[in-house]
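# Residue-level structure breakdown
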Amino acid sequence: MMRQDQFEALQKRSEELVDRFLEESDPEAWPGAGVAVSAMDKQTRGDLYWVKKNAVATLACAQRIVGLVGQIRQRTANPESPEDPAAVTAGEDSLDAEIAAAEAEAAKLMNRAQQSAKKEQFDKRVHGKP
């Protein structure tokens, strides 16, 4: 469940990330600014690529947070009650139970497969069976 302080922290973080993206995406601050790509050395081209990629990753992170905040607002949009971010994560308990059940089933299947492989190895070693 998401607490109100976590919800507010998400909103603040998205603003910080957008500010950071604006700094990172400034072409004048990129390595090799004002130099044609064909005139750049390998290191500068690599740095330029990394800086652009990092800026895009920062924006993607901000977009995901904005999307999550939007979902929370949409699901909790009730004029009679204040925003309650816990409503978005309320169904997680049943999802956790489903995940635990699937993991238990997978463990059983793995155990059966391992036992079968061990039996085959034993039969091959002791009885010479393929």
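Residues numbered from 1 in each chain as written. Predicted model: local features only at pLDDT ≥ 70, side-chain atom pairs only at ≥ 80, totals over all residues. Heavy atoms only, no water.

## Notes on helix H1 (residues 4–24)
Stated precisely, the cut-off is as follows: Helix and strand labels come from DSSP, where a helix needs a run of H or I of at least four residues and a strand needs a run of E of at least two; each type is numbered from the N terminus. Helix span, as expected, comes to 1.5 Å for every residue beyond the first. Relative accessible area decides the class of each residue, using a 1.4 Å probe on protein chains only: under 20% of the type maximum gives buried, over 50% gives exposed, and in between gives partly exposed. Arc definition: directions from the helix axis to the C-beta atoms. Any two residues whose heavy atoms approach within 4.5 Å at even a single point are treated as in contact.
Taking 1.5 Å per residue as the helical rise, H1 with its 21 residues ought to reach 30 Å, and the 30 Å between its terminal C-alpha atoms agrees with that figure. Taken together, the buried positions of H1 are occupied by Phe7, Leu10, Gln11, Ser14, Leu17, Phe21 and Glu24. Buried positions in H1, seen along its axis, are confined to an arc of 150° and lie on one side of it. Opposite its buried face, H1 presents the exposed residues Lys12, Glu15, Leu22 and Glu23, each directed more than 90 degrees away. On its buried face, H1 is in contact with helix H2 (42–75).

## A short note on the nonpolar core
Inclusion rule: Put simply, buried Ala, Val, Leu, Ile, Met, Phe, Trp, Tyr and Cys residues joined by side-chain atoms within 4.5 Å make one nonpolar core.
With eight residues, the main nonpolar core is built from Met2, Phe7, Leu10, Leu17, Ala62, Ile65, Val69 and Ile72. Contributing elements (two or more residues each) for this core: H1 and H2. Ranked by residues supplied to this core, first place goes to H2 with four residues.

## Overview of H2
Across its 34 residues, H2 extends 49 Å between first and last C-alpha, which sits within 8% of the 50 Å expected from 1.5 Å per residue. Those residues of H2 that sit buried are Thr44, Leu48, Val51, Ala55, Thr58, Ala62, Ile65, Val69 and Ile72. Here the buried face of H2 lies against H1.

## Points about the pattern of salt bridges
To be explicit about the condition: Think of a salt bridge as a Lys or Arg side-chain nitrogen and an Asp or Glu carboxyl oxygen that are within 4 Å of each other.
Within this structure, the stated rule accounts for four salt bridges. A salt bridge links Lys12 to Glu16; the shortest N-O distance between them is 3.0 Å. Of the two residues, Lys12 and Glu16 are both situated in helix H1; the distance of four residues between them amounts to about one turn of the helix. The exposure class of Lys12 is exposed, given its relative accessible area of 52%. Of the residues examined, Glu16 reaches a relative accessible area of 34% and is grouped as partly exposed. For Arg13, the salt bridge identified is with Glu16, shortest N-O distance 3.0 Å.

## Looking at the confidence of the model for the protein chain
Cut-off, in case you're wondering: Known as pLDDT, the predictor's confidence for each residue is given on a scale from 0 to 100.
On average, residues of the protein chain carry a pLDDT of 81, and 78% of them reach 70 or more. When mean pLDDT is taken per element in the protein chain, H1 scores highest with 93 and helix H3 (residues 92–127) scores lowest with 72.

## Let's talk about the side chain of Ser14
Defined as follows: Polar contact is defined as a pair of N or O atoms within 3.5 Å, subject to the rule that within protein one atom must be able to donate a hydrogen and the other to accept it, and that residues adjacent in sequence are counted only when both atoms are side-chain atoms.
Relative to the helices and strands, Ser14 resides in helix H1. Note on Ser14: relative accessible area 10%, which makes it buried. In this structure the side chain of Ser14 is engaged in a polar contact, spanning 2.8 Å, whose partner is the backbone oxygen of Gln11. Those residues within four positions of Ser14 in sequence are excluded, and the remaining contacts are Ala62, Ile65 and Val66.

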